[in-house]
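# Structure assessment
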Amino acid sequence: MDLKTLTPNLKRDPGLPSGVWDPMWERPEVAHRVAVDAYLALRVGDDALWGGDGLLAAEALPDYPKKNTEERTFALGEVRTFEESPTRFRGGSYGEIFRRYTYGQTKPSVNFHAQAATFGLDSEGRYFLKGVVGRVDGIWGNKAALCCRFLAGAELVGGVFFEAELDPPQDVPFRLTGVSPRLRERFDAITAAQVLFFSKST
């Protein structure tokens, strides 16, 4: 058997962010490209990733206290198509959401973050949310969550969320995937993704 040796390309793509703090994340076309790359990487992975419909209806999603929640809305107007495939994709991403809580002299400050968050859906109903939640400093009794809601105008079609206990201080990578008939039916109507980052130190 003949083996072919390939030379890896170690040069960084100048069109992609170099890290979670890179201001390139703020450019919609870059955020969309990061989401497309994440989606394609998942599509060539294990088909079992896309089993089941874990999309939650509006009434089943958690209602986080506003004082502990950062909320951002990302337009999903751009649609990516692929050669030799009828599948279409909408998605977005961001580098970092950071939240710091201070308590004066009563207890140490604590810093939370949600980093490299990527989300999207395709015209076959596949969806995903992936990223990292974590914390630095503080005492024990900390948790965080990242929630992604898919919107068709003012209508909340559904969403998913990930929660983690952050004791001891750590980063927790996660990935949520599934296939939803509701998203397949409403793909053309989806206009935005609403991302909520909840963090709390008890």
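All residue numbers refer to positions counted from 1 along the written sequence of the respective chain. In keeping with the model being predicted, local features are shown solely for residues with a pLDDT of at least 70 and side-chain atom pairs are shown and tallied solely at 80 or more, while totals for entire chains, interfaces and linings include all residues. Processing note: side-chain calculations cover all non-hydrogen atoms of the structure and skip hydrogens and water entirely.

### Considerations on the sheet that holds strand β4 (residues 110-122)
Going by this rule: DSSP-based pairing: two strands are paired if at least 2 bridges between them are found. Numbering of helices and strands runs from the N terminus; a helix is a DSSP stretch of H or I covering at least four residues, while a strand is a stretch of E covering at least two. A fitted line through C-alpha atoms serves as each axis, taken over the contacting stretch for helices, and the angle formed by two N-to-C directions is quoted from 0 to 180°.
Ordered by their spatial adjacency, 5 strands build an open sheet running β2-β3-β4-β5-β8, and the pairing between neighbours is antiparallel. Across the chains shown, the open sheet's two edge strands, defined by having one partner strand only, are β2 (80-82) and β8 (171-179). Taking the axes of each pair of neighbouring strands and ignoring which way they run, one obtains an average angle of 20° across the sheet. Taken together, the 9 bridges between strand β5 (residues 126-137) and β8 define a ladder with antiparallel strand orientation. By the bridge assignment, Val 132 is partnered in β8 with Pro 173.

### Points about the confidence of the model for the protein chain
Should the pLDDT be low somewhere, the predicted coordinates at that spot are not to be read in detail. Put simply, the test is: pLDDT measures how confident the predictor is about each residue, on a scale from 0 to 100. Whether two residues touch is decided by their heavy atoms; if any such pair falls within 4.5 Å, the residues are in contact.
Looking at the protein chain as a whole, the pLDDT averages 89, with 94% of positions reaching at least 70. Every residue in residues 1-6 scores below 50 in pLDDT, and together they form 0 contacts with partners more than four places removed in sequence or on other chains.

### Considerations on the packing of aromatic side chains
Stated precisely, the cut-off is as follows: Under the pairing criterion, centres of Phe, Tyr and Trp rings, with the six-membered ring standing for Trp, must be within 6.5 Å; the plane angle then separates stacked pairs below 30 degrees from edge-to-face pairs above 60, leaving the rest tilted. We call a residue buried when its accessible area falls under 20% of the maximum for its residue type, exposed when it is over 50%, and partly exposed in between, using a 1.4 Å probe and counting protein chains only. Ring-over charges, as used throughout, are those where CZ of Arg or NZ of Lys falls within 6 Å of the ring centre and within 35 degrees of the ring normal.
Taken as a whole and judged by the stated rule, the model has 8 aromatic pairs. When the ring of Phe 74 is compared with that of Tyr 94, the centres are 5.8 Å apart and the planes differ by 10°; the resulting orientation is stacked. Of the two residues, Phe 74 sits in strand β1 (residues 69-75) while Tyr 94 sits in strand β3 (residues 85-101), which places them 20 residues apart along the sequence. Take Phe 74 and Tyr 94: they sit in the same class, and that class is buried. Both rings, one in Tyr 101 and one in Phe 112, keep their centres 5.7 Å apart while their planes meet at 85°; by these two values the pair is edge-to-face. Taken together, the residues Tyr 101 in strand β3 and Phe 112 in strand β4 connect sequence positions 11 residues apart. As far as the burial class goes, Tyr 101 and Phe 112 line up, both buried. The ring centre of Phe 187 lies 4.9 Å from the NZ or CZ of Arg 90, which sits over that ring.

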